[in-house]
Amino acid sequence: MGRKYFGTDGVRGTVGEAPITPDFVMRLGYAAGTTLAAREHLPAGEHPAVLIGKDTRISGYMLEAALEAGFAAAGVDVMLTGPLPTPAIAYLTRALRLQAGVVISASHNPYPDNGIKFFSAGGAKLPDGVEADIESRLEQPMGCAAPARLGKARRVDDAAGRYIEFCKSTFPNEFDLRGMKIAVDCAHGAAYHIAPKVLHELGAEVHSIGAEPNGININDQVGATAPQALQKTVVAQGADLGIALDGDGDRVMMVDAGGRLYDGDQLLYVIARSRLANGGLAGVVGTLMTNLGLEHALARLGLPVVRARVGDRYVLETLLERGWKLGGENSGHIICLDRHSTGDGIVSALQVLAALRLQSCTLEAACADLALYPQTLVNVRLPSGFDWQRRPEIESARLAAEKALGDAGRVLLRASGTEPLLRVMVEGREAQQVAELAEDIAHAVQRAAA
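Fair warning: this is a prediction, and the values are worked out from it, not measured in the lab.

About the cut-offs
Residues numbered from 1 in each chain as written. Predicted model: local features only at pLDDT ≥ 70, side-chain atom pairs only at ≥ 80, totals over all residues. Heavy atoms only, no water. Core = buried A, V, L, I, M, F, W, Y, C linked by side-chain atoms within 4.5 Å. Buried < 20%, exposed > 50% of the residue type's maximum accessible area, 1.4 Å probe, protein only. Helix = DSSP H or I, 4+ residues; strand = E, 2+ residues; numbered from the N terminus. Contact = heavy atoms within 4.5 Å. Pairing = 2+ DSSP bridges. Axes fitted to C-alpha atoms, helices over the stretch in contact; angles between N-to-C directions. Salt bridge = Lys/Arg side-chain N within 4 Å of Asp/Glu carboxyl O. Phe/Tyr/Trp six-rings, centres within 6.5 Å; stacked < 30°, edge-to-face > 60°. Lys NZ or Arg CZ within 6 Å of the ring centre and 35° of its normal. Patch = residues over 30% accessible without salt bridge, like charges linked within 9 Å, V, L, I, M, F, W, Y side chains within 5 Å. Areas by Shrake-Rupley, 256 points an atom, 1.4 Å probe, with all protein chains shown as cover. Parallel < 35°, antiparallel > 145°, perpendicular 65-115°, else oblique. Left-handed = near helix turned anticlockwise from the far one by under 90°. Nonpolar A, V, L, I, M, F, W, Y, C, P; charged D, E, K, R; others polar. Expected span 1.5 Å × (residues − 1).

Enquirer: Could you give an account of the nonpolar core, naming the residues involved and the relevant values?
Expert: Counting residues in hydrophobic clusters, the biggest one holds 66 residues, and the most contacted among them are Ile 243, Ile 346 and Leu 353. Per-element accounting of this core gives the leading share, 9 residues, to helix 11 (residues 345–359). Not counting the four nearest positions on each side in its chain, Ile 243 is found in contact with Ile 182, Ala 183, Val 184, Asp 185, Leu 199, Leu 230, Val 252, Met 253, Met 254, Ala 349 and Leu 353. One finds Val 25, Ile 52, Ala 66 and Val 78 within the second-largest nonpolar core, a separate group that totals 31 residues.

Enquirer: Which residues make up the sheet that holds strand 7 (residues 181–185), and what values go with them?
Expert: One open sheet holds the 5 strands; their spatial order is 8-7-9-10-11, and the pairing between them is mixed. The sheet is open, and its two borders are formed by strand 8 (205–209) and strand 11 (261–262), each paired with just one other strand. In the sheet, strand 10 (residues 252–256) pairs with strand 11 via 2 bridges, with the strands oriented antiparallel. If you follow Met 254 over to strand 11, its bridge partner there is Tyr 262. Here helix 7 (residues 228–237) sits on the sheet in contact with strand 7, strand 8, strand 9 (241–245), strand 10 and strand 11, set at roughly 155° to strand 7. Packing of helix 11 onto the sheet brings it into contact with strand 7, strand 9 and strand 10, and relative to strand 9 it is tilted by some 160°.

Enquirer: Any chance you could break down the pattern of salt bridges for me, citing the residues and the numbers?
Expert: Using the criterion set out here, one finds 24 salt bridges in the structure. Of the charged contacts, one joins Glu 64 and Lys 54 as a salt bridge, the two residues approaching to 3.5 Å between their closest N and O atoms. Taken together, the residues span a long stretch of sequence, with Glu 64 in helix 2 (residues 60–73) and Lys 54 in strand 2 (residues 49–54) at a distance of 10 residues. Assessed through its relative accessible area of 6%, Lys 54 is described here as buried. In this structure, Asp 250 and Lys 117 form a salt bridge, with 3.9 Å as the shortest nitrogen-oxygen distance. Of this pair, Asp 250 sits in the loop between strand 9 and strand 10 while Lys 117 sits in strand 5 (residues 113–120), and the two are 133 residues apart along the sequence.

Enquirer: Can you explain the packing of aromatic side chains? Please cite residues and give values.
Expert: Under the definition given, this model contains 4 aromatic pairs. Between Phe 6 and Phe 118 the ring centres are 6.1 Å apart and the planes differ by 50°, which places this aromatic pair in the tilted class. Linking Phe 6 in the segment before strand 1 (11–14) with Phe 118 in strand 5, this pair joins segments that are 112 residues apart in sequence. A relative accessible area of 4% means that Phe 118 is categorised as buried. We note Arg 313 situated over the ring of Tyr 314; from NZ or CZ to the ring centre the distance is 5.7 Å. In this arrangement the basic side chain of Arg 322 is found over the ring face of Trp 324, its NZ or CZ atom lying 5.2 Å from the centre.

Enquirer: I'd like a rundown of the sheet that holds strand 16 (residues 375–381), residues and numbers included.
Expert: One open sheet holds the 3 strands; their spatial order is 16-18-17, and the pairing between them is antiparallel. With one partner strand each, in any of the chains shown, strand 16 and strand 17 (409–415) form the two edges of the open sheet. In this sheet, neighbouring strand axes are inclined to one another by 10° on average, regardless of whether the strands run parallel or antiparallel. Direction of pairing for strand 16 relative to strand 18 (residues 421–428): antiparallel, over a ladder of 7 bridges. Within strand 18, the position partnered with Leu 377 by the bridge is Met 425. Strands in contact with helix 13 (residues 392–405) are strand 17 and strand 18; relative to strand 17, the strand with the most contacts, it is inclined by about 155°.

Enquirer: Before we move on, could you go through the pairing of strand 4 (residues 100–104) and cite the residues and values that matter?
Expert: The buried fraction of strand 4 is high, at 5 of 5 residues. Sheet topology note: the strand 2/strand 4 ladder contains 5 bridges and is parallel. Bridge pairing links Ile 52 to Val 102 in strand 4. Inspection of the sheet shows strand 4 paired to strand 5 by 5 bridges, in the antiparallel sense.

Enquirer: Help me get a handle on a nonpolar patch on the surface, residues and values and all.
Expert: On the surface, a cluster of nonpolar side chains totalling about 430 Å² of accessible area is made up of Ile 58, Tyr 61, Tyr 111 and Ile 216. Mapping Ile 216 onto the fold places it in the loop between strand 8 and helix 7. Overall, Ile 216 belongs to the partly exposed group, its relative accessible area being 43%.

Enquirer: Help me get a handle on the packing of helix 5 (residues 159–169) against helix 11, residues and values and all.
Expert: For any two helices packed against each other, the geometry comes down to the angle between their axes and how far apart the axes lie. Interaxial distance between helix 5 and helix 11 falls to 9 Å at its minimum, and their mutual angle equals 25°. Classified by the angle between their axes, helix 5 and helix 11 sit roughly parallel to one another. In this structure, helix 5 meets helix 11 at a crossing whose hand is right-handed. Between helix 5 and helix 11, the residues in contact are Tyr 163, Phe 166 and Cys 167 and Ile 346, Val 347 and Leu 350, respectively. Across the contact of helix 5 with helix 11, the residue classes break down as 6 nonpolar, no polar and no charged.

Enquirer: Talk me through the side chain of Thr 93; I want residue IDs and the actual numbers.
Expert: Tracing the chain through its elements places Thr 93 in helix 3 (residues 86–95). If we ignore the near neighbours within four places in the chain, the residues touching Thr 93 are Leu 51, Leu 98, Ala 100, Gly 101, Ser 120 and Ala 121.

Enquirer: Account for helix 2, naming residues and giving values.
Expert: Its 14 residues give helix 2 an end-to-end C-alpha distance of 20 Å, which sits within 8% of 20 Å, the value for a rise of 1.5 Å per residue. Residues of helix 2 that are buried include every one of Gly 60, Leu 63, Glu 64, Ala 66, Leu 67, Gly 70, Phe 71, Ala 72 and Ala 73, and no others. Residues of helix 2 that are buried sit in contact with helix 1 (22–39), strand 2, strand 3 (77–83), strand 4, strand 5 and strand 6 (153–155). Gly 75 sits one or two residues past helix 2 and shows a positive phi near 80°.

Enquirer: Please provide a residue-by-residue account of the environment of Val 352, values included.
Expert: When you line up the elements, Val 352 lands in helix 11. C-alpha separation for the pair Val 352 and Gly 179, spaced 173 residues apart in sequence, amounts to 16 Å. With residues near it in sequence (within four places) discarded, Val 352 still touches Met 254, Leu 267, Val 270, Ile 271 and Leu 363.

This is the structure in structure tokens:
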């Protein structure tokens, strides 16, 4: 289904450029509000209500006000949380029995970008069909409800505390984190006032970095997409473990005591192995980017792996279709449906910590039976309107790489859903060959796009 504004994770772009402008975001709020109002069957006189949260970008103030105006014009009440992780909005939307949740964030992108993403009443990403309905309403003129039907707005003063207690509730009651020294990198993002408190209240000695947002430093050389700062901190502080979140708190990477980085595939393996040993697990959902090494390691445990399209929303859809509980991406989006309705960096980290406590082992030991294949990802920027799928020279480079790898590797070309990029991924047994083949394809794309 073609969509004009919505990508794989809501509407996103550079602030001040279409579509992330105040007037568009106000119209988006109105379109979403009228869509919700049309779908809801509330008692007479009762308004639909939505929850709006945001990360720490300076543009969040402006976009929050625009969204609030659009929803109010549609006759929808608004509840505001201020800076709060994306999964917190999913949880609170469900807990407060609201009609939808909205997050103002561009996740791991730098501060000039921002975006809008929606959650359903059940705390899951909106289905494609609902997003299509919102887009169709965006093509219509913006109206305004009758004065007596306009929406109201108020702050939710205890939102952070509610979410902290929820996160703690996902960690087993019989365990705590006493005796552990944990470094946590909050990416100067939405979890800066949440993650350290969760870990501290579970008993850990916590050392925080990336916890001083100023509106423009989100994801700047910190967080899950720049874990080097955490790796250095873990070693310098003599920490037992490090946790790196991204700007909106829905993805996680971890670091062991030696400074070694563990990605989403490795963390997914630790959780799956623990779940299998304690209560069973039917299978795991990955994506087209999931490492072959994880698939093979889980197969040795008797666990099937099903690959969904890239994007945590598609992992969730596949989990629901199969009735499974665990899935994720190597980027650090991990979904534990027995704990939360969406991917949550803090909750996922706690599931890894619980597995380590349960097995009385280190992160390194928990991953000892998992050998990831070398994987190279090259991002190639594409000019507007460039149709890479119709270029024979790109297809020729892909086929040549697949022939060189044989049955011992994979090639994947896919367009980013959030940026004008073509992602070139090559995976195989030999790191040097993988890197060379990825560069060959990337160069072919660059020549074709020149």
